[in-house]
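Architecture at a glance
The chain contents come next:
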Amino acid sequence: FRVCVSDVAFLHLLCDNLLLASSCNGSPGVEEVRWMRPVFPGDRLSATAEVQAARPLRSRPGLGMVTLVATVRNQDGLPVMTSRNAILFAKKDIAA
C-alpha cells in the first residue's frame, strides 16, 4: 500500500522556483491538470514550464496574462503530470 502525493508538490515547485521571485499578481485559475502516473513519497520530481501565450490586459494596463504549460517528471524522466494555467504578471517598463 502506497499513498499518492497530491498536486501540492507541483505547486511547491512552481512557487519556489518561479512565482515568488517574479512580479506575479495572482491567477484566474488552473485551466487543465492531467495526471499520467502516480507520484509517491520518496519520488524525486522536476518540472519545466513553457510560455504558451502572453498578452496585455486591456482592463489593467500594468498587467499581462501569461499562459504556462508545465510538465512534471519523476526520477526516471517520465512525465507524471501536465498543467496549463494563466498567471498575471506586472509588465516591465521598457525604455524606448
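For the structure, see preceding data.
Here's what I pulled together on the structure shown here. Quick caveat, the model's predicted, so the values are computed rather than measured. Position numbers for residues start from 1 in each chain and track the written sequence from start to end. Residues qualify for local features only when their pLDDT is at least 70, as the model is predicted, and side-chain atom pairs are given and counted only at 80 or more; totals for whole chains, interfaces and linings, by contrast, use all residues. Note: side-chain values were computed over all heavy atoms of the structure, leaving out hydrogens and water.

Take the nonpolar core next. Think of a nonpolar core as a cluster: buried Ala, Val, Leu, Ile, Met, Phe, Trp, Tyr and Cys residues, connected wherever their side-chain atoms sit within 4.5 Å. Partly exposed describes any residue whose relative accessible area lies between the buried limit of under 20% and the exposed limit of over 50%, with all areas from a 1.4 Å probe on protein chains only and scaled to the type maximum. Counting five residues, the largest nonpolar core consists of Leu-57, Leu-63, Met-65, Ala-86 and Leu-88. Only strand S3 (63-73) and strand S4 (79-90) provide two or more residues apiece to this core. We call two residues in contact when some of their heavy atoms are within 4.5 Å. Beyond its immediate sequence surroundings of up to four residues, Leu-63 is in contact with Asn-25, Pro-56, Leu-57, Phe-89, Ala-90 and Lys-91. Counting from the N terminus, the helices are DSSP H or I runs at least four residues long and the strands are E runs at least two residues long.

Assignment of secondary structure puts Val-33 in strand S1 (residues 29-35). For Val-33, a relative accessible area of 39% gives the class partly exposed. With 49 residues separating them in the primary sequence, Val-33 and Thr-82 have C-alpha atoms 5.8 Å apart. Other than its neighbours up to four places away in sequence, Val-33 contacts Met-81, Thr-82 and Ser-83.

Whether two strands pair depends on DSSP finding at least two bridges between them. Here we have four strands laid out as an open sheet, ordered S1-S4-S3-S2, and antiparallel in their pairing. Edge strands, defined here as strands with exactly one partner in the open sheet, are S1 and strand S2 (46-56). Recorded for the sheet is a direction-independent mean angle of 15 degrees between the axes of neighbouring strands. Taken together, the ten bridges between S2 and S3 define a ladder with antiparallel strand orientation. Looking across to S3, one finds that Ala-54 is bridged to Val-66. Between N-to-C directions, angles cover 0 to 180 degrees, with each direction set by a line fitted to C-alpha atoms, over the stretch in contact for helices.

Our next topic: the pattern of salt bridges. The working definition used for a salt bridge is a side-chain nitrogen of Lys or Arg within 4 Å of a carboxyl oxygen of Asp or Glu. Taken as a whole, this structure holds three salt bridges when the rule is applied. Measuring nitrogen to oxygen at the nearest pair gives 3.7 Å for the salt bridge that ties Arg-34 to Glu-32. Exposure remark for Glu-32: the relative accessible area of 24% places this residue in the partly exposed category. Salt-bridge contacts for Glu-32 lead to Arg-84; the nearest nitrogen and oxygen are separated by 3.7 Å. Here Arg-84 lies in strand S4 and Glu-32 lies in strand S1, a separation of 52 residues in the sequence. Exposure remark for Arg-84: the relative accessible area of 25% places this residue in the partly exposed category. A single network of salt bridges, built from pairs that share partners, joins Glu-31, Glu-32, Arg-34 and Arg-84.

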